[in-house]
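Here is how the chains run, residue by residue.
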Amino acid sequence: MRMIAIGAALLAATLSPSAMAASAPDTRLVSCGEESCLLVSGQRADAASEVRINGHAVPVEGRQTWKVRLPVDTVRAWSAPMARTIDVTVRDPGAAAETTKRADLPIGLLGHVTELASLVIGA
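Residues numbered from 1 in each chain as written. Predicted model: local features only at pLDDT ≥ 70, side-chain atom pairs only at ≥ 80, totals over all residues. Heavy atoms only, no water.

Caption draft 1: Structural context of the pairing of strand β7 (residues 85-92). Strand direction decides the pairing type here: strand β3 (residues 50-53) and β7, joined by 4 bridges, are antiparallel. Bridge pairing in β7 links R52 to T89. Here β7 pairs with strand β8 (residues 97-104) via 8 bridges, running antiparallel. The residue of β8 that forms the bridge with D87 is R102. (Pairing = 2+ DSSP bridges. Helix = DSSP H or I, 4+ residues; strand = E, 2+ residues; numbered from the N terminus.)

As structure tokens, this is what we get:
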């Protein structure tokens with residue numbers, strides 16, 4: 001019985017809104033008209049929470065599950081040269097607390113892609 005109670009408690013914690021807010025943000029490259037944009041998506045416990053990308057407040061679409069499209073030039077301007085990640089901060093206005101997570105950028109987005117002359121795979 002004790003194992004069932006522990007399992008139920010773990011399941012409840014996994015499905016709670018605060019656990020949803022703890023998931024890492026996701027990024028991918030999308031088309032925005034004639035330019036390319038970075039689509040950043042994530043989750044937050046409170047729809048009133050502010051979302052910041054590399055310290056810059058961004059207007060997001062959605063409530064607890066949110067997304068924002070940023071032109072690649074904007075991401076480049078807000079990031080260090082050759083960056084491989086961005087910082088996504090969610091600030092809860094009620095608790096005056098914030099959580100920052102790192103999100104991986106698509107490979108080669110802000111830097112050069114190394115071209116391989118050959119690739120050898122051994123058994």
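From this point, the narrative continues.
Caption draft 2: Representation of the pairing of strand β1 (residues 26-32) in the model. Across 7 bridges, the pairing between β1 and strand β2 (residues 35-43) is antiparallel. Across the sheet, the residue bridging to V30 is C37, located in β2. Between β1 and β2, which pair antiparallel in sequence order, lie 2 residues; one of them, G33, sits at a positive phi of approximately 70°.

Caption draft 3: Expanded view of the pattern of salt bridges. In this structure the tally under the stated criterion is 4 salt bridges. The partner of R76 in a salt bridge is D73, and the shortest N-O contact between them spans 3.2 Å. Of this pair, R76 and D73 both sit in helix α3 (residues 72-78), 3 residues apart, which is roughly one turn of the helix. A residue is classified by how much of its surface remains accessible, and R76, at 41% relative accessible area, is partly exposed. Judged by relative accessible area, D73 falls into the exposed class, the value being 56%. (Salt bridge = Lys/Arg side-chain N within 4 Å of Asp/Glu carboxyl O. Buried < 20%, exposed > 50% of the residue type's maximum accessible area, 1.4 Å probe, protein only.)

Caption draft 4: Local environment of the nonpolar core. In terms of nonpolar packing, the biggest core is built from 18 residues, with L38, V40, I53, I86 and V88 touching the most fellow members. Secondary-structure elements contributing two or more residues to this core are β2, β3, β6 (65-71), α3 and β7. In this structure, V88 is in contact with P25, V40, V51, R52, I53, W66, T99, T100, K101 and A103, ignoring residues within four places of it in sequence. (Core = buried A, V, L, I, M, F, W, Y, C linked by side-chain atoms within 4.5 Å. Contact = heavy atoms within 4.5 Å.)

Caption draft 5: Structural view of the state of the cysteines. Going through the model one piece at a time under the given rule, you end up with 1 disulfide. Between the sulfur atoms of C32 and its disulfide mate C37 the distance is 2.1 Å. Because the torsion about its S-S bond is -140°, the bridge between C32 and C37 counts as left-handed. We classify C32 as partly exposed; its relative accessible area is 21%. A relative accessible area of 2% places C37 in the buried class. (Disulfide = S-S within 2.5 Å.)

All quantities given are derived from atomic positions and should not be read as evidence of function.
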